[in-house]
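Structural overview
Next come the chains, spelled out residue by residue.
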Amino acid sequence: MSSSATHTLSPPAPPLPRRLRPARCSTGGPAALETSTAGARVSTVSSRGDSLAICRVLNGMWQISGGWGRIDRDAAVDSMLAYADAGLSTFDMADHYGPAEDLYGIFINRVRRERPPELLEEIKGLTKWVPPPVKMTRSYVEDNINRSRKRMDVAALDMLQFHWWDYSNAGYLDALKHITDLKEEGKIKTVALTNFDTDRLQIILENGIPIVSNQVQHSVVDMRPQRRMAELCQLTGVKLITYGTVMGGLLSEKFLDTNVSIPFAGPPLNTPSLQKYKRMVDAWGGWSLFQALLQTLKKVSVKHGVSISTVAVRYILNQTSVAGSMVGVRLGLSEHLKDTNAIFSLELDEEDMNSITEASSKGRNLMDIIGDCGDEYRA
């Protein structure tokens, strides 16, 4: 593939067929679809000959970007080691999450020095590249990938998740083809997307890009990925990695039986995530309906002796094509290792799943209000 070639946009993708044949596991065809049992800690995302084993609960590092409190570098790296030692060995970050990539570089060097090789092998660092919509030349793409490799102190990025702001600019295909070239050269292990919609994912796959996953917002409130996106994922084997799954902490006992509309009456919405997901609740159905949903989750959580957030994550992990779900980590500030590890052993029965689905479906269809996955960033 010539790095100087000009890549053009394919015609709009046709509507997905009603009946889709599930992808078979294969190293030679489209992305392989793997099944996971309720207690599985690891899921493999793959496409053709590329594969990556990730922890099904990922440590989300977006809170490093600011707005959640001052991050102490040494304390943050110590927390990362604690998560890895507890078996939570996959870290998700981005080029624009403040010093997240730099912290990972410090962390991975400590693992190399202070931990056995077996743990080093388990640890995965997933990062994102979120470029401005400028001309995607080979040199521009490579310079940015090399910057992340240097900051994370790795020869090859375990996964590069690509975001694009403006679909009317077809440069995203140029960028992805250069990224694929860099993967072939050993600088990236797997190519993925973040916040792409179903139509664009289909176009990208038709252009031969070996996508292993798409990271999207997905929670018991935001079920949009289970509309059209999950259908295409079943057909092609592309997996979903989800964020916003505990809605910044709204899906927790802390917000049960509260009224945040009255000043000082309830817990403050004092982080960017809480404010963002409160707007999502408003679009979905409002605070009263959200309280009914929390009551349903609480009933299930008491039945199993776990927290509301644990139930919320397990419910999404049980959804079609979901390989893993993100739980945000406030490194050096607070830890939720017990709740997070409880997700793996929790098995929701049919009654649990049905009751949560019923409570969730009482809200509005966010596909009608917001659009497909990622459209909230392109309004």
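Structure's up top.
This section reports on the structure supplied with the text. Please read all numbers here as calculations on a predicted model, not as lab measurements. Sequence order sets the numbering: in each chain, residues are counted from 1 along the sequence as written. Under the rules for a predicted model, residues below a pLDDT of 70 receive no local features and side-chain atom pairs below 80 are neither given nor counted, while totals for whole chains, interfaces and linings still include all residues. Each side-chain value is worked out from all heavy atoms of the structure, with water and hydrogens disregarded.

Here the focus is empty space enclosed by the protein. A cavity here means a set of points on a 1 Å grid, drawn over the protein atoms and nothing else, where a 1.4 Å probe fits but cannot get out; a pocket is an open set with protein on both sides within 12 Å along at least five of seven lines, and a residue lines either one if it has an atom within 4 Å of a point. Grid points are joined across faces, edges and corners, and a volume is the space filled by probe spheres set on the points. Applying the stated criterion across every chain, the model contains one cavity of 30 Å³ or more. Lining the largest cavity, in full, are Asn59, Tyr83, Val327, Gly328, Val329, His336 and Thr340. Each residue is assigned to one of three groups, with Ala, Val, Leu, Ile, Met, Phe, Trp, Tyr, Cys and Pro labelled nonpolar, Asp, Glu, Lys and Arg labelled charged, and all others, Gly among them, labelled polar. Its residues placed into classes, the lining of the largest cavity shows three nonpolar, four polar and no charged.

Counting buried positions along helix H10 (residues 308-317) gives 10 out of 10 residues, so the element sits mostly inside the fold. Each residue is placed in one exposure class: buried if its accessible area under a 1.4 Å probe, protein chains only, is under 20% of its type's maximum, exposed if it is over 50%, and partly exposed if it falls in between. Where helices and strands are cited, they refer to DSSP runs of H or I of at least four residues and of E of at least two residues respectively, numbered from the N terminus. Considered for burial, the residues of H10 that qualify are Ile308, Ser309, Thr310, Val311, Ala312, Val313, Arg314, Tyr315, Ile316 and Leu317.

Right, let's talk about the packing of helix H5 (residues 171-184) against helix H6 (residues 198-206) for a bit. Packing of H5 against H6 leaves a shortest axis separation of 11 Å and a crossing angle of 50 degrees. Taken together, the axes of H5 and H6 are oblique relative to one another. For the pair H5 and H6, the sense of crossing is right-handed. Across the interface between the two elements, Tyr172, Leu173 and Leu176 from H5 touch Arg200, Ile203 and Ile204 from H6. Partitioning the contact of H5 with H6 into residue classes produces five nonpolar, no polar and one charged. Note on geometry: axes are C-alpha line fits, over the in-contact stretch for helices, and angles between N-to-C directions span 0 to 180 degrees. Roughly parallel refers to an angle under 35 degrees, roughly antiparallel to one over 145, roughly perpendicular to one between 65 and 115, and oblique to any angle outside these ranges. We call a crossing left-handed when the near helix sits turned anticlockwise from the far one by less than a right angle, and right-handed when that turn is clockwise. Contacts are residue-level and defined by heavy atoms, with any inter-residue pair within 4.5 Å sufficient.

It is worth spelling out helix H9 (residues 287-304) at this point. Every α-helical turn comprises 3.6 residues, leaving residues that sit three or four positions apart pointing alike. Relative to the 26 Å expected for 18 residues at 1.5 Å per residue, H9 spans 25 Å between its end C-alpha atoms, a close match to the ideal helical length. When H9 is considered as a whole, its buried residues turn out to be Trp287, Phe290, Gln291, Leu293, Leu294, Thr296, Leu297, Val300 and Ser301. Buried residues belonging to H9 abut helix H8 (272-284), H10 and helix H12 (350-361). The length a helix should cover is 1.5 Å for every residue beyond the first.

Any Lys or Arg side-chain nitrogen located within 4 Å of an Asp or Glu carboxyl oxygen qualifies as a salt bridge. Enumeration over the complete set of coordinates arrives at 25 salt bridges. The salt bridge involving Lys183 is made with Asp50; its shortest N-O contact spans 3.1 Å. Of this pair, Lys183 sits in helix H5 while Asp50 sits in strand E2 (residues 50-55); the two residues are 133 residues apart in sequence, bridging distant segments of the chain. Between Asp102 and Arg151 there is a salt bridge, with its nearest N and O atoms 2.8 Å apart. With Asp102 in helix H2 (residues 100-114) and Arg151 in helix H4 (residues 138-152), this pair connects stretches of sequence that are 49 residues apart. In the salt-bridge network here, residues are joined through shared partners; they are Asp78, Asp85, Arg110, Arg113, Glu114 and Arg115.

A word on the pairing of strand E3 (residues 57-60). Residues of E3 alternate between two faces, with Val57 and Asn59 on one and Leu58 and Gly60 on the opposite face, all of them buried. Any two strands between which DSSP finds at least two bridges are classified as paired. One ladder, built from four bridges, connects E3 with strand E10 (residues 322-328); its direction is parallel. Residue pairing across strands places Asn59 opposite Val327, the latter belonging to E10. Bridge count between E3 and strand E4 (residues 90-92): two bridges; the pairing is parallel. Among the inter-strand pairings, Asn59 is bridged to a residue of E4, identified as Phe91.

Our focus in this paragraph is the state of the cysteines. A pair of sulfur atoms, both from cysteines and within 2.5 Å, is called a disulfide here. In this structure the tally under the stated criterion is zero disulfides. The closest cysteine sulfur to the non-disulfide-bonded Cys233 is located on Cys373, 8.4 Å from its own sulfur.

Mapped onto the elements, Thr90 comes out in strand E4. With a relative accessible area of 0%, Thr90 lands in the buried category. Any pair of nitrogen or oxygen atoms within 3.5 Å is treated as a polar contact; in protein, a donor-acceptor pairing is required on top of that, and neighbouring residues in sequence qualify only through side-chain atoms on both sides. Looking at Thr90, its side chain comes within polar contact range of the main-chain nitrogen of Cys55, at 2.8 Å.

What follows deals with the side chain of Lys183. A residue is classified by how much of its surface remains accessible, and Lys183, at 9% relative accessible area, is buried. Side chain to side chain, Lys183 and Glu184 meet in a polar contact 2.7 Å long. Not counting the four nearest positions on each side in its chain, Lys183 is found in contact with Asp50, Ile188, Lys189, Val191 and Pro210.

Turning our eyes to something else, we now look at the environment of Leu366. On the secondary structure map, Leu366 appears in helix H13 (residues 366-369). The exposure class assigned to Leu366 is buried, which follows from its relative accessible area of 3%.

Turning our eyes to something else, we now look at unusual backbone geometry. Residues other than glycine seldom take positive phi values, yet Asn195 does so here, at roughly 60 degrees. Summarising the element assignment, Asn195 is placed in the loop between strand E7 (191-194) and H6. For Asn195, a relative accessible area of 7% translates into the label buried. Even without a glycine there, the phi angle at Ser321 is positive, about 70 degrees. Take Ser321: it is sitting in the loop between H10 and E10.

This is a description of form; function is not addressed.
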